Every structure is written in C-alpha cells, then in structure tokens.
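Commentary on secondary and tertiary structure
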Amino acid sequence: MKVAVLMSTYNGEEYLEKQLDSILSQKGDYSIEIIIRDDGSTDNTKNILKKYCKQYNNIRWYAGVSKGPALSFIELLRKNKGYDFYAFSDQDDYWLPNKLFRAIEKLMNEKASLYFANAMLVDSDLNLLNINVYKQFPKLDFKTLTCAGGILGCTLVLNNDLAKCIQNSNYPKKIIMHDFYISEVCAAIGKKIIYDTECVMYYRQHNNNVVGVSYGSILNKIISRVKSILNKPTVSISDQANDIYINYSQSINLENKEWLRLVGSYKSSLATRLKLAFTHETKFVNKNQAVKNRLSIMLGNR
C-alpha cells in the first residue's frame, strides 16, 4: 500500500525537522511518501526541505505562490493521484510512531472513507499540557459538521475513494479550511467518517500557530469564545456550503441538498439566520459550543 503524507509549510524552520523525523519513524508495512508544498517561506524552511530531500528518497517538495494553508493542502491532494491513503500533516506537530498504522487499520476494518483522532496538547518544547484536544466524542452528522466543523486536520487520513471525488471535481473557490471542507464533502456525499479516541500525536501550541486550541484560564477561554462569535470570517459556512453544492450536486441526496441550500443562504435575512441558529437538527457537543455557534450564526458571523 502507498501512503502520501501531504504537508504545507510556511516559515516553519523552528519545528519542521522534528516533525519530519516523527513521520519518517512511522511503523507499518506500507510505503510512505512525504510530499511538501512550500507556501512562500522566507526563513530557512526551504533549505531544510532541500537537506531532507537529499537524505531521503521518499521526500519531495516544491515551492508555490502564497495561498494560505487551506488551498495549499487542497492543491497537494489534487496534484498527487494514485495513492491508497492520504494523510495531512502540519509542520510543527509531532507524530507518535503508530499514528498512520492505526488510521489505515481502522479505515480498512470499518470500511470508512475518512479517519481522524484525538491528540495531546503540548507546549513549544513538546512538554505535555495534560489536555486532549477532544474531551467528548465529536458530532459527525452532516448537518452539525456543516455548521461547526470540528475535524482535527493534522490527524486526518482519507482513502483513495474519497480522494478521487475531490481530485476529479472542480477546484474549490471558497473554503474555510481543508479539513472542514473535506469532512463536509465526505458527509454530504454519504461516505463514512470515523473518530479514534486514542491520542496519536502531540499538537504543539505556540505563538505562531495558524490554528490553535483555546486552553488556559477561564478568562482566556471566555475572551477566545467572544472573539470567535464577533469576528466576521473571510470565508463563511455559507460560502463553503455553496461551493460544495455546486461541485458535488450529482452525488448528494435531496435532504443534504436542501440543508446546503439553507446554510448557503442563511445570511440573506434575519428569518433565515434565526432558522439556522435555533434549529434542533444540529447537535453540538456541549452547551458552550452550541451557544458559540448559534450566536455566530444569528449574527451572520459563522
């Protein structure tokens, strides 16, 4: 079996080598190829990539124009066809040795298309913070995923069947993040998503995180939550829902199409915002997430 580990780098010189070493140390009887797209680094990242490519014949990289991590990862997936499984990797985390083995084993045993798992938060020096990313089992139904996302992309592994759906569709124009987009596509077209409660990697928290996890004091968590409610995103859930509706319409059933139309138009009036915000069809994991998402939707900021 062939596994492609896809990584997007940007000014990642500080932690990149440890992450590459952890991927190269993965256990399992399969062939791993690490494919890296640099998104316009100006530090020593490119030199590190050149060094590793000389040392290892299963690493290759190329430089691209800066387009942000979401579209950078989608480009990597679309340009690299023919692998049995695809895993996404951030540049600054650290994989435990059985990460890929567990993912592939579960995908095959459970006949699923998409896998993701729990992770342990660590500080910049990989010291454990004794906090897991997921404290409860995440919601995986299509309607909740469309509004909340919640798939941890750095643990995500997908099979070739789902990868081909994305590789052969039109190039997406507006997506929130690659993990949010891919999981929403997977659920929209009726393919199976599985969650592994086991922590398979260290999720590093530092000042330069593109996407991090809110942790620490109650005040910090409250401030983070208020900001997320009030901030208007560059790409909204309505933008992403419309993109998926257009690109995958032939593979989506009528009920899911109707939901995508509702999400895609939710900002058109106060009535539609309220309808989506207070629907009982979304099942958020806890009251805090429910309040955050419902208020964001009501304000048109989701």
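As a reminder, the structure under discussion sits directly above these lines.
Described in the following lines is the structure provided in the data block.

Scoring rules and cut-offs
Residues numbered from 1 in each chain as written. Predicted model: local features only at pLDDT ≥ 70, side-chain atom pairs only at ≥ 80, totals over all residues. Heavy atoms only, no water. Core = buried A, V, L, I, M, F, W, Y, C linked by side-chain atoms within 4.5 Å. Buried < 20%, exposed > 50% of the residue type's maximum accessible area, 1.4 Å probe, protein only. Helix = DSSP H or I, 4+ residues; strand = E, 2+ residues; numbered from the N terminus. Pairing = 2+ DSSP bridges. Right-handed = clockwise from strand over helix to strand, strands pointing away. Patch = residues over 30% accessible without salt bridge, like charges linked within 9 Å, V, L, I, M, F, W, Y side chains within 5 Å. Areas by Shrake-Rupley, 256 points an atom, 1.4 Å probe, with all protein chains shown as cover. Salt bridge = Lys/Arg side-chain N within 4 Å of Asp/Glu carboxyl O. Contact = heavy atoms within 4.5 Å.

1. Description of the nonpolar core
Counting residues in hydrophobic clusters, the biggest one holds 82 residues, and the most contacted among them are Leu77, Leu100, Leu158, Ile182 and Leu276. Among the elements that take part in this core, helix α7 (residues 178–188) stands out by supplying 7 residues, more than any other.

2. Let's talk about the pairing of strand β1 (residues 2–9)
The element β1 is extensively covered by neighbouring structure, given that 7 of its 8 residues are classed as buried. Here β1 pairs with strand β2 (residues 31–38) via 8 bridges, running parallel. From the neighbouring strand, Leu6 faces β2, where its bridge partner is Ile35. Tracing the backbone out of β1, into helix α1 (residues 16–24) and back to the parallel element β2 gives a crossover that is right-handed. In this structure, β1 lies alongside strand β4 (residues 85–89), joined through 5 bridges in parallel fashion. Its bridge partner being in β4, Leu6 is matched across the sheet by Phe88.

3. What about a nonpolar patch on the surface?
On the surface, Ile218, Ile222, Val226, Leu230 and Leu299 cluster together into a nonpolar patch covering about 480 Å² of accessible area. With 4 residues, helix α8 (residues 218–230) is the largest single contributor of residues to the nonpolar patch. With respect to the element layout, Val226 can be found in helix α8. Residue Val226 is classed as partly exposed on the basis of its relative accessible area, which comes to 39%.

4. A look at unusual backbone geometry
Residues other than glycine seldom take positive phi values, yet Lys111 does so here, at roughly 50°. The residue Lys111 is located in the loop between α4 (99–109) and β6 (114–122) in this model. One non-glycine residue, Asn130, lies in the positive phi region at around 60°. Note on placement: Asn130 falls in strand β7 (residues 128–132). Asn130 gets classed as exposed once you look at its relative accessible area, which sits at 74%.

5. Comments concerning the side chain of Ser22
Relative to the assigned elements, Ser22 resides in helix α1. On the accessibility criterion, Ser22 (2% relative accessible area) is buried. Ser22 has contacts with Tyr94 and Trp95, leaving out every residue within four places of it along the chain.

6. Considering the pairing of strand β9 (residues 193–204)
Burial analysis of β9 places 9 of its 12 residues in the buried class, which makes it a mostly covered element. Where strand β5 (residues 94–95) and β9 come together, 2 bridges link them in antiparallel fashion. The residue bridging Tyr94 from the neighbouring strand is Tyr202, located in β9. As judged from the 8 bridges shared by β6 and β9, these two strands associate in the parallel manner. When the sheet's bridge partners are listed, Asn118 is paired in β9 with Cys199.

7. Re the pattern of salt bridges
Between side chains of opposite charge, a pair can form when the charged atoms approach closely. Tallying each qualifying case throughout the model produces 12 salt bridges. Arg37 is the salt-bridge partner of Asp39, the closest N and O atoms lying 2.7 Å from each other. For Asp39, a relative accessible area of 5% gives the class buried. By relative accessible area, which is 1% here, Arg37 ends up buried. A salt bridge links Glu110 to Lys192, with the nearest nitrogen and oxygen atoms 3.8 Å apart. With Glu110 in the loop between α4 and β6 and Lys192 in the loop between α7 and β9, this pair connects stretches of sequence that are 82 residues apart.

8. Considerations on α7
Of all the 11 residues making up α7, 11 are buried; the element is thus mostly covered by neighbouring parts of the structure. Along α7, the positions that sit buried rather than exposed are His178, Asp179, Phe180, Tyr181, Ile182, Ser183, Glu184, Val185, Cys186, Ala187 and Ala188. Just downstream of α7, Gly190 is the residue with a positive phi angle, here 85°.

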